Amino acid sequence: MNKQSQNMLEVRRLSPAEWRDAHPVIAQLRPLDEAEFLQRVRRQSHSGYELVAAIQDGKIIGVLGMRPVHTLARGAHLHVDDLVVDAAVRGSGAGRALMQYAETDARARGMTAVFLDARPDAIPFYEREHYALHPAPSMKKVLAA
């Protein structure tokens, strides 16, 4: 195998048997222990949530969580819930490759938009990928148990 093919980036959906392998990377974004991570992914998968990985040299270096959504306000669209690239390889193109995968997937489903919530420090990345701030702010209220 030549050096170029060793560094090839593979981007693909993960099977449920592979979800555990995504935890070390996703934990850099979502501080969940492995059991809670797997429980949440399992629960969310019932609503169409999927994990997509960027894999290099057999190792997961980036993870994207996405789900199809249909709303009155936005119609059919893909929502990216999670995107993280291992801190050691940020800037490698893995984030861009994962977002391109999401966009291609959305088009294949007949969707015309991708929505996401961005952390302030990630906004420049998304702007480089031609995403724009949405004018409707997100709001929340934490409900006491």
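Residues numbered from 1 in each chain as written. Predicted model: local features only at pLDDT ≥ 70, side-chain atom pairs only at ≥ 80, totals over all residues. Heavy atoms only, no water.

J.: Honestly, the overall build of the protein in this entry has me stumped. Any pointers?
T.: When helices and strands are tallied, the protein shows five helices and five strands. Each helix and strand of the protein, ordered N terminal to C terminal, gives the series α-β-α-α-β-β-β-α-β-α. Over its C-alpha trace the protein gives a radius of gyration of 16 Å, about what one expects of a compact globule, namely 15 Å for 145 residues. Evaluated residue by residue, the protein yields a buried proportion of 34% over its 145 residues. Pairs at least 24 apart in sequence give 58% of the contacts found in the protein among residues at least 6 apart. A total of about 9400 Å² of accessible surface is found on the protein, and carbon and sulfur atoms cover 54% of it. Counting 19 positive and 17 negative side-chain charges, the protein places the centres of these two groups 3 Å from one another. (Helix = DSSP H or I, 4+ residues; strand = E, 2+ residues; numbered from the N terminus. Rg over C-alpha atoms; globule rule 2.2 N^0.38 Å. Buried < 20%, exposed > 50% of the residue type's maximum accessible area, 1.4 Å probe, protein only. Contact = heavy atoms within 4.5 Å. Areas by Shrake-Rupley, 256 points an atom, 1.4 Å probe, with all protein chains shown as cover. Lys, Arg positive; Asp, Glu negative; His and termini not counted. Charge placed at Lys NZ, Arg CZ, Asp CG, Glu CD.)

J.: How should the sheet that holds strand 4 (residues 75-85) be read in this particular structure?
T.: One key point about sheets: their strands pair by backbone hydrogen bonds, in either a parallel or an antiparallel sense. The strand order across the open sheet formed by five strands is 1-2-3-4-5, and the pairing between neighbours is mixed. Looking at strand neighbours, the two that pair on one side only are strand 1 (9-13) and strand 5 (114-116), the edges of this open sheet. The mean inter-strand angle of the sheet, taken between neighbouring strand axes irrespective of direction, is 30 degrees. Alignment of strand 4 against strand 5, held across three bridges, turns out to be parallel. By the bridge assignment, Leu-78 is partnered in strand 5 with Val-114. Seen against the sheet, helix 2 (residues 19-26) touches strand 2 (50-56), strand 3 (59-71) and strand 4 and runs at an angle of roughly 100 degrees to strand 3. (Pairing = 2+ DSSP bridges. Axes fitted to C-alpha atoms, helices over the stretch in contact; angles between N-to-C directions.)

J.: Explain the pairing of strand 3 here, please?
T.: Every regular strand shows the same layout, with side chains that alternate between the two sheet faces. Alignment of strand 2 against strand 3, held across seven bridges, turns out to be antiparallel. In the sheet register, Ala-54 faces strand 3, and the bridge partner there is Gly-62. Counting the residues that bridge the hairpin from strand 2 to strand 3 gives two residues, and of these Asp-57 lies at a positive phi of roughly 50 degrees. Across 10 bridges, strand 3 lies against strand 4 in antiparallel orientation.

J.: Quick question: what am I supposed to make of unusual backbone geometry here?
T.: Keep in mind that most residues, glycine aside, have a negative phi and that most peptide bonds are trans. If you check the backbone angles, Asp-57 has positive phi at about 50 degrees while not being a glycine. Exposure remark for Asp-57: the relative accessible area of 56% places this residue in the exposed category. Positive phi values are uncommon outside glycine, yet His-130 reaches one of about 75 degrees. Within the fold, His-130 resides in the segment after helix 5 (123-128). Residue His-130 is classed as exposed on the basis of its relative accessible area, which comes to 74%.

J.: Help me out: how do you make sense of helix 4 (residues 94-108) in this one?
T.: Think of an α-helix as turning once every 3.6 residues; residues three or four places apart then point the same way. Helix length check: helix 4, at 15 residues, gives a terminal C-alpha distance of 21 Å against a target of 21 Å (1.5 Å per residue), a fit within 8%. Every buried residue belonging to helix 4 is among Ala-94, Gly-95, Ala-97, Leu-98, Met-99, Ala-102, Asp-105 and Ala-106, and all of these are buried. Tucked into the core, helix 4 has its buried residues touching strand 1, strand 2, strand 3, strand 4, strand 5 and helix 5. (Expected span 1.5 Å × (residues − 1).)

J.: How do you make sense of the nonpolar core when you look at a structure like this?
T.: A general tendency of soluble globular proteins is for nonpolar side chains to be buried together. In this structure, Leu-64, Leu-78, Val-80, Leu-83, Met-99 and Tyr-126 are the most contacted members of the largest nonpolar core, which totals 20 residues. Secondary-structure elements contributing two or more residues to this core are strand 2, strand 3, strand 4, helix 4 and strand 5. For this core, the leading source of residues is helix 4, giving five residues. Other than its neighbours up to four places away in sequence, Met-99 contacts Leu-64, Val-80, Leu-83, Leu-116, Phe-125, Tyr-126 and Tyr-131. One finds Ile-26, Tyr-49, Ala-53 and Val-63 within the second-largest nonpolar core, a separate group that totals 16 residues. (Core = buried A, V, L, I, M, F, W, Y, C linked by side-chain atoms within 4.5 Å.)

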